[in-house]
Amino acid sequence: MKTPIVDFVKRYAESDISRFHMPGHKGKAHLGCEALDITEIDGADVLYSACGIIEKSEEYTSSLFHSAHTFYSAEGSSLVIKAMLGIIKSTKKDGERPIILAARNVHKAFIYACALLDLDVEWLFPKHFTHLCTCNLTKEDVKNAICRMSRKPDAVYLTSPDYLGQVQDIRGISEVCRTYDIPLLVDNAHGAYLAFLEENRHPLALGASMCSDSAHKTLPVLTGGAYLHIAKDAPKTFLSQARTMLSLFASTSPSYLILQSLDLCNAYLANGYGKKLADCIEKVESIKKMLDEKGIFYEKSEPLKLVLNAKRCGYTGEELARYLRERKMEIEFSDPDFAVLMFTPENDEKDFTRLENALASLPKREPFREEKPLPIPNVQTALSVRDAVFSPKKTVPVEDAVGKVCASPLVSCPPAVPIVMSGEVITKEAVAWFAHYETALVEIVDGLSNDMILK
Ligand SMILES: Cc1ncc(COP(=O)(O)O)c(C=O)c1O
């Protein structure tokens, strides 16, 4: 597979040309990567009007993922999520506000997109809450929700895999969406690699209309590199609107380091990646087998995650993270309940040996006693997401926020999944969730009068 962006920049960096253009480092080494850091000079193409080397490179990616077209983002899935929802809004002809039927475990980029684009959301909740990051649904749940809604949603939106490696039934849910002629959008930030499993499990292959993949999360791509995939059978307007909607939210100075990294990744994926991935999964499986033998608990998850159920092992997630850190390992995410590790074929033997040794000698403890499950939040919407996000606001301790309207989701990354969404009333149940996830402060709408509240 060819790498047109990498080849162009390499030739340019070696050409002894005087740079009278941005960036200001002029290719001189400070960090060391500056020679390869260029801007949209002659021949380098333009990301959001691509018709040269970037378009060519994106075409290679499209063939790898079997999409109608895959567009590059140098600003993560956070940009792609906004663009996907912008595309949906751009298909509305009657001026009506779009409404999205969304599984509750959205990343905050979704909420910001709703604020910027003024979208309404109908939330899908799971039958049983297990964790803030997870919202397991069946296709019947989605069908019933569509039937209950007073107007047909303009899109169904799922996060899969989620931060804890849980995967939705994309095939089943996409069949339901097709029956009602509703596009299915998937935040697949954690799942770019799924296209390269022995059986392709990428949401696009299972019937999604559009997906956002953070290439940088699971593939060897620099932070910020992401894909917007449009399915072959998606409406043609999705394709024609994509670059406009990406550029609506993106910088006009995309990083060519990230674009080269995405370009080079095509060659990586085309040259034996499937085998490397299978080998890596086998190693993760072997660690999981050892954990089974030792009685160390973990959750069922997509194959490139290990989600240790810390509480069942008698630890908090943070304690497990500290235990591994002391043994020279840094993990992706921990909270009171779980410790999450992410693997790729770029993890070497030393990494696996360290982890295996550390987990094999994890001191045994009694599991924590089962806690009462968190109360099901009773969602009451007072303002639209947009009105709440753009309102005057103040930050208060969560205990003082009961009955007030949430202004913006004060959540840190990871996992950046809000507990209460912008515009919702903060209930006593929500305060229990804030306490559980150790969130002390919340931003509320300041000076809200009754006539501003949605009926
Ligand atoms: C589920 C999910 N969606 C979207 C994002 C945003 O992705 P990015 O960091 O590529 O902008 C994240 C980031 O962690 C995420 O976990």
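Being a predicted model, the structure only gives us computed values, none of them experimental. Residues take numbers from 1 onward in each chain, read along the sequence in its written order. Confidence filtering applies because this is a predicted model: local features only for residues at pLDDT of at least 70, side-chain atom pairs given and counted only at 80 or more, and all residues used for totals across whole chains, interfaces and linings. Think of the side-chain values as coming from all heavy atoms in the structure, minus any hydrogens and water.

This paragraph deals with the pairing of strand β6 (residues 210–213). The classification of residues rests on relative accessible area computed with a 1.4 Å probe and restricted to protein chains. Under 20% of the type maximum is buried, over 50% is exposed, and intermediate values are partly exposed. Here a helix means four or more residues in a row that DSSP labels H or I, a strand means two or more in a row labelled E, and each is numbered from the N terminus. Neither face of β6 is left uncovered, since the one carrying M210 and S212 and the one carrying C211 and D213 both have all their residues buried. Any two strands between which DSSP finds at least two bridges are classified as paired. As defined by bridge partners, strand β5 (residues 184–187) adjoins β6 across three bridges and the pair is classed as parallel. Following the sheet pairing, L185 is matched in β6 by M210.

Take the pairing of strand β3 (residues 120–124) next. Sheet topology places strand β2 (residues 99–103) next to β3; five bridges connect them, and they run parallel. Bridging across to β3, A102 finds its partner in W123. The crossover handedness rule: strands pointing away from the viewer, path from first strand over the helix to second strand clockwise, crossover right-handed. Taken together, β2, helix α4 (residues 108–117) and β3 constitute a β-α-β crossover, and its handedness is right-handed.

This part covers the pattern of salt bridges. Here a salt bridge means any side-chain nitrogen of Lys or Arg lying within 4 Å of a carboxyl oxygen belonging to Asp or Glu. The tally for this structure, following the rule as stated, stands at 21 salt bridges. The residue E14 makes a salt bridge to K10 at a minimum N-O spacing of 3.3 Å. With relative accessibility at 57%, the residue E14 sits in the exposed group. Among the ionic contacts, a cluster of salt bridges with common partners joins K92, E96, R97, D118, D120, R151 and D154.

Neighbouring residues are identified by heavy atoms, a residue being near a molecule or strand if any of them is within 4 Å of it. What surrounds the ligand is a group of 13 residues, the closest being S78, D187, H190, S214 and H216. Whenever a nitrogen or oxygen atom comes within 3.5 Å of another N or O atom, the pair is scored as a polar contact, on the condition that within protein one atom can donate a hydrogen and the other can accept it, and that pairs from neighbouring residues in sequence are kept only if both atoms are in side chains. Within the side chain of S214, a nitrogen or oxygen atom sits 2.7 Å from an oxygen atom of the ligand. K217 is positioned such that a nitrogen or oxygen atom in its side chain is 2.9 Å from an oxygen atom of the ligand. Considered on its own, the ligand offers 380 Å² of accessible surface; in the complex 89% of this is hidden by protein. When residues of the shell around the ligand are traced back to their parent elements, those giving at least two are α3 (76–90) and α7 (215–218). Counting residues per element, the shell around the ligand draws most heavily on α3, which supplies four residues. Residue polarity follows a fixed list, in which Ala, Val, Leu, Ile, Met, Phe, Trp, Tyr, Cys and Pro are nonpolar, Asp, Glu, Lys and Arg are charged, and the others, Gly among them, are polar. Classifying every residue of the shell around the ligand gives three nonpolar, eight polar and two charged. Per-residue accessibility takes into account occlusion by the displayed protein chains alone, with areas from the Shrake-Rupley method and a 1.4 Å probe.

Let us now look at the nonpolar core. Counting 124 residues, the largest nonpolar core has L85, F110, Y157, L219, L228 and L269 as its most contacted members. Residue contacts are counted whenever heavy atoms from the two residues lie within 4.5 Å of one another. Discounting chain neighbours no more than four positions away, the residues touching L219 are F65, A192, Y193, Y227, C265, L269 and Y273. By convention a nonpolar core is built from buried Ala, Val, Leu, Ile, Met, Phe, Trp, Tyr and Cys residues, the set being connected through side-chain atoms within 4.5 Å.

Only the stretch in contact is used when fitting a helix axis, every axis being a line fitted to C-alpha atoms; angles between N-to-C directions are given from 0 to 180 degrees. The contact between helix α1 (residues 4–13) and helix α2 (residues 53–65) brings their axes to 8 Å, and the two run at 145°. Here α1 contributes P4, I5 and F8 to the contact with α2, which in turn contributes I53, I54, K56, S57 and Y60. Considered class by class, the residues forming the contact of α1 with α2 number six nonpolar, one polar and one charged.

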